[in-house]
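Take a look at the letters that make up each chain.
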4 protein chains.
Amino acid sequence: MASFINRRQWIVEWGQCDPAGIVFNSRFFEVFDQSTWLLFEAALGVKPHELGTAYNIVGIPLVDARANFLKPAKFGDVVEIASQVAEFRRSSFEVEHRLSIDGELAIEGIETRVWAAHNKTNPEKFGAVAIPAEVVARFK
Amino acid sequence: MASFINRRQWIVEWGQCDPAGIVFNSRFFEVFDQSTWLLFEAALGVKPHELGTAYNIVGIPLVDARANFLKPAKFGDVVEIASQVAEFRRSSFEVEHRLSIDGELAIEGIETRVWAAHNKTNPEKFGAVAIPAEVVARFK
Amino acid sequence: MASFINRRQWIVEWGQCDPAGIVFNSRFFEVFDQSTWLLFEAALGVKPHELGTAYNIVGIPLVDARANFLKPAKFGDVVEIASQVAEFRRSSFEVEHRLSIDGELAIEGIETRVWAAHNKTNPEKFGAVAIPAEVVARFK
Amino acid sequence: MASFINRRQWIVEWGQCDPAGIVFNSRFFEVFDQSTWLLFEAALGVKPHELGTAYNIVGIPLVDARANFLKPAKFGDVVEIASQVAEFRRSSFEVEHRLSIDGELAIEGIETRVWAAHNKTNPEKFGAVAIPAEVVARFK
């Protein structure tokens, strides 16, 4: 079954580029993070800052992030971002971001995140818990 | 005569906020910079990355920047940005950015920039030159 | 009476520079903020993340920030930073940062901050309170 | 044969942390990048901004970056960074960054970079070229 894809556009800013005139690598990880929040908002119908309350979780912390830089992005480039959850596991999931410029894939990002809740016996701590089936269903 | 105002919207991202849960101050200066590029694009009809070529300038470098933080901006806040050139002088100008949340002014920014071109006798250097009347006219 | 000055060095990073090859303006405001934390640590002998607890305050939030860019800073430049409280008022103060490269003043920054504590009747809110005389004394 | 390791310390800044009170993920990629420049400076004895001229290259652009977040880093944390080239291939190499807090590994980063030079027949373009043996030798 096809996965829910959220699409958005990003126009590269001057301050996001380095002396080589291309987007500095860390900026893509900012873009991936925000794209994940927007993907969840689109799929779940819940505002990012209300996600914790809506599902009784601490959040969806990142445990692993990767990017593959195929082509550079330059100041003024119009970048099309397509984000989806590539895989749901019991308490973790993979978010895939594909960034294209002029119809060509330029940067790929993959984030591994966990569905994290406060520990019931020790509320100061939190850890990965099972992702509700209703959440997974919304991404299909 | 009323000045040309460019309006845009900024939705505050998670990664732009600090441990107090509010936008970290340096982020506003990123927003001001990008807002100035977009103001010039809207007024002049020239893409930001083509501005130098279109007017035979190096750019519009910043010589002074200020921000006044009246109310904090939080993750998920929808910020309305209104940007305009508050004053044109011979070779410099003031850009004013007013950021509002829920209809209330939250942050004010003022940038002083110069219209900078390469030095004719020494192309390695550049300095402030007179702003063309046609440019000034576009902001009215 | 001379004011306490904290000095530190900053070597400009590649990722802090823009396509013009110079430090992007917002980066200076990151540097000012960190310089203020380090100034307070040096003057008060309290680690930045323990400042709130040590003085029963929420923090020292920024209400106004300004920078004057006299000379650009480039990748690899060794920037000498001298920070001091230029003025203490009842509940607010001005921090001045002077950034020099090769012995010449390159960038000046001024931050206006407040000494902020939780409201006694409504702990959800906070506001500016009088700066303790012992704190002011440490900066002389 | 053991690989050359460069060590440095990073004290986590307020502005590098997010509303969860921990370092925002993109900041680690800034730290990795700067750590690579410093590793090369230490191994080769060449200032980062002189690397291109010294070896007749465009630079060492990033083609892939990964991070594994084992433990969070918080404001004020003293992070020990150990960086080394984990592998040299013909024209590309892997840089490994290990970030420890209180003696425990907290974040691992791996960057894949290429040794890039201008194309001899078309100087507008550049591509990966063989890494000089003398460069590889300096990292042993």
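These numbers come from a predicted model, not from an experiment. (Residues numbered from 1 in each chain as written. Chains lettered and ligands numbered in written order. Predicted model: local features only at pLDDT ≥ 70, side-chain atom pairs only at ≥ 80, totals over all residues. Heavy atoms only, no water.)

Caption draft 1: Representation of the relation of the copies chain A and chain B within the structure. Rotating chain A by 180 degrees about the axis while translating it 0.0 Å along that axis superimposes it on chain B, leaving an RMSD of 0.0 Å. Between the two chains, the operation in question is that of a two-fold axis. A shared binding surface is used by both copies, with 100% of the interface residues of chain A retained as interface residues in chain B. (Least-squares fit on C-alpha atoms with pLDDT ≥ 70 in both. Contact = heavy atoms within 4.5 Å.)

Caption draft 2: Local environment of the sheet that holds strand 3 (residues 78-88) of chain D. One open sheet holds the ten strands; their spatial order is 1(A)-3(A)-4(A)-5(A)-2(A)-2(D)-5(D)-4(D)-3(D)-1(D), and the pairing between them is antiparallel. Either end of the sheet is taken by a strand with one partner, and the two such strands are strand 1 (5-11) of chain A together with strand 1 (5-11) of chain D. Between one strand axis and the next, the sheet turns through 20 degrees on average, direction left out of account. Both strand 4 (residues 92-101) of chain D and strand 5 (residues 104-114) of chain D contribute to a ladder of ten bridges, which runs antiparallel. Counterpart to Ile 101 of chain D in the pairing with strand 5 of chain D is Glu 104 of chain D. (Pairing = 2+ DSSP bridges. Helix = DSSP H or I, 4+ residues; strand = E, 2+ residues; numbered from the N terminus. Axes fitted to C-alpha atoms, helices over the stretch in contact; angles between N-to-C directions.)

Caption draft 3: Representation of the interface of chain A and chain B in the model. Residue-level contacts link eleven residues of chain A with eleven residues of chain B. Counting across the interface, chain A meets chain B through two salt bridges. Residue Arg 27 of chain A is joined to Glu 30 of chain B by a salt bridge in which the shortest nitrogen-to-oxygen separation is 3.1 Å. Joining chain A to chain B, the criterion identifies two residue pairs in polar contact (both at pLDDT 80 or more). For the side of chain A that touches chain B, a count of residues per class yields four nonpolar, three polar and four charged. (Salt bridge = Lys/Arg side-chain N within 4 Å of Asp/Glu carboxyl O. Polar contact = N/O pair within 3.5 Å; in protein donor to acceptor, adjacent residues only side chain to side chain. Nonpolar A, V, L, I, M, F, W, Y, C, P; charged D, E, K, R; others polar.)

Caption draft 4: Highlighting the packing of helix 1 (residues 25-44) of chain B against helix 1 (residues 25-44) of chain C. Between helix 1 of chain B and helix 1 of chain C, whose axes approach to 8 Å, the crossing angle comes to 170 degrees. Between helix 1 of chain B and helix 1 of chain C, the crossing angle belongs to the class labelled roughly antiparallel. As for the relative orientation of helix 1 of chain B and helix 1 of chain C, their crossing is right-handed in sense. Two secondary-structure elements touch here, helix 1 of chain B through Asn 25, Ser 26, Phe 29, Glu 30 and Asp 33 of chain B and helix 1 of chain C through Asn 25, Ser 26, Phe 29, Glu 30 and Asp 33 of chain C. Of the residues that constitute the contact of helix 1 of chain B with helix 1 of chain C, the class distribution is two nonpolar, four polar and four charged. (Parallel < 35°, antiparallel > 145°, perpendicular 65-115°, else oblique. Left-handed = near helix turned anticlockwise from the far one by under 90°.)

Caption draft 5: Summary view of the state of the cysteines. By the definition in use, this model includes zero disulfides over all chains. In this model Cys 17 of chain B remains outside any disulfide bridge; the closest cysteine sulfur is found in Cys 17 of chain D, 13 Å from its own. Classification of Cys 17 of chain B by relative accessible area gives buried; the value is 2%. (Disulfide = S-S within 2.5 Å. Buried < 20%, exposed > 50% of the residue type's maximum accessible area, 1.4 Å probe, protein only.)

Purely geometric stuff here, so don't read any function into it on its own.
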